[in-house]
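Below, each chain spelled out in residue letters.
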Amino acid sequence: MNVYDQAHGLAAAIRESEEFKQYDQLKKVVDENEELSKMIKDFQSKQFEAQAKQMMGEEAAPDMSQQIQNLYQIIMKDPMAAQYMQAEMRFSLMMNDVYKILGEVMGLGNMG
């Protein structure tokens, strides 16, 4: 069994998954709407920044959490944005599961 062939097979399976197809289709629609796309990117950027601070043991500024919450509420009022965010979450969860499976395999050989 060739690892590279299997990796290409996994990539093809991911591309054919409903999670990816829905995410990809909605992403194209969102990308065509400049205002909506900018709002979602701004939200994701702030969310990522807050998560990064949290991982480093820093506390995010209270106003940042409020900004993220406000942006999320605004975004979710737009049906297309809400669909996109849900599709992105489903795709992300699937990919996290794939990474977890691969990580468990690699962890077996790691004695350090």
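The structure presented is a predicted model; accordingly, all values stated were derived computationally and were not measured. (Residues numbered from 1 in each chain as written. Predicted model: local features only at pLDDT ≥ 70, side-chain atom pairs only at ≥ 80, totals over all residues. Heavy atoms only, no water.)

1. Some points on the pattern of salt bridges
Between side chains of opposite charge, a pair can form when the charged atoms approach closely.
Part 1 of the argument: Applying the stated criterion across every chain yields a total of four salt bridges.
Part 2 of the argument: Across the salt bridge formed by Asp24 and Lys28, the nearest N and O atoms sit 3.2 Å from each other. With Asp24 and Lys28 both in helix H2 (residues 18–32) and four residues apart, this pair spans about one turn of that helix.
Part 3 of the argument: For Asp24, a relative accessible area of 25% gives the class partly exposed.
Part 4 of the argument: The salt bridge involving Lys27 is made with Asp31; its shortest N-O contact spans 3.1 Å. In this pair, Lys27 and Asp31 both sit in helix H2, four residues apart, roughly one turn of the helix.
Part 5 of the argument: Under the relative-accessibility criterion, Lys27 is labelled partly exposed at 27%.
Part 6 of the argument: Among the residues examined, Asp31 registers a relative accessible area of 39% and is labelled partly exposed. (Salt bridge = Lys/Arg side-chain N within 4 Å of Asp/Glu carboxyl O. Helix = DSSP H or I, 4+ residues; strand = E, 2+ residues; numbered from the N terminus. Buried < 20%, exposed > 50% of the residue type's maximum accessible area, 1.4 Å probe, protein only.)

2. Comments concerning the packing of helix H3 (residues 34–55) against helix H4 (residues 62–77)
Part 1 of the argument: Between H3 and H4, the least distance of the axes is 10 Å, while the angle of their chain directions is 150 degrees. For the pair H3 and H4, the sense of crossing is left-handed. Residue-level inspection shows Met39, Ile40, Asp42, Phe43, Lys46, Gln47, Glu49 and Ala50 of H3 in contact with H4, the latter providing Met64, Gln67, Ile68, Leu71, Tyr72, Ile74 and Ile75. (Axes fitted to C-alpha atoms, helices over the stretch in contact; angles between N-to-C directions. Left-handed = near helix turned anticlockwise from the far one by under 90°. Contact = heavy atoms within 4.5 Å.)

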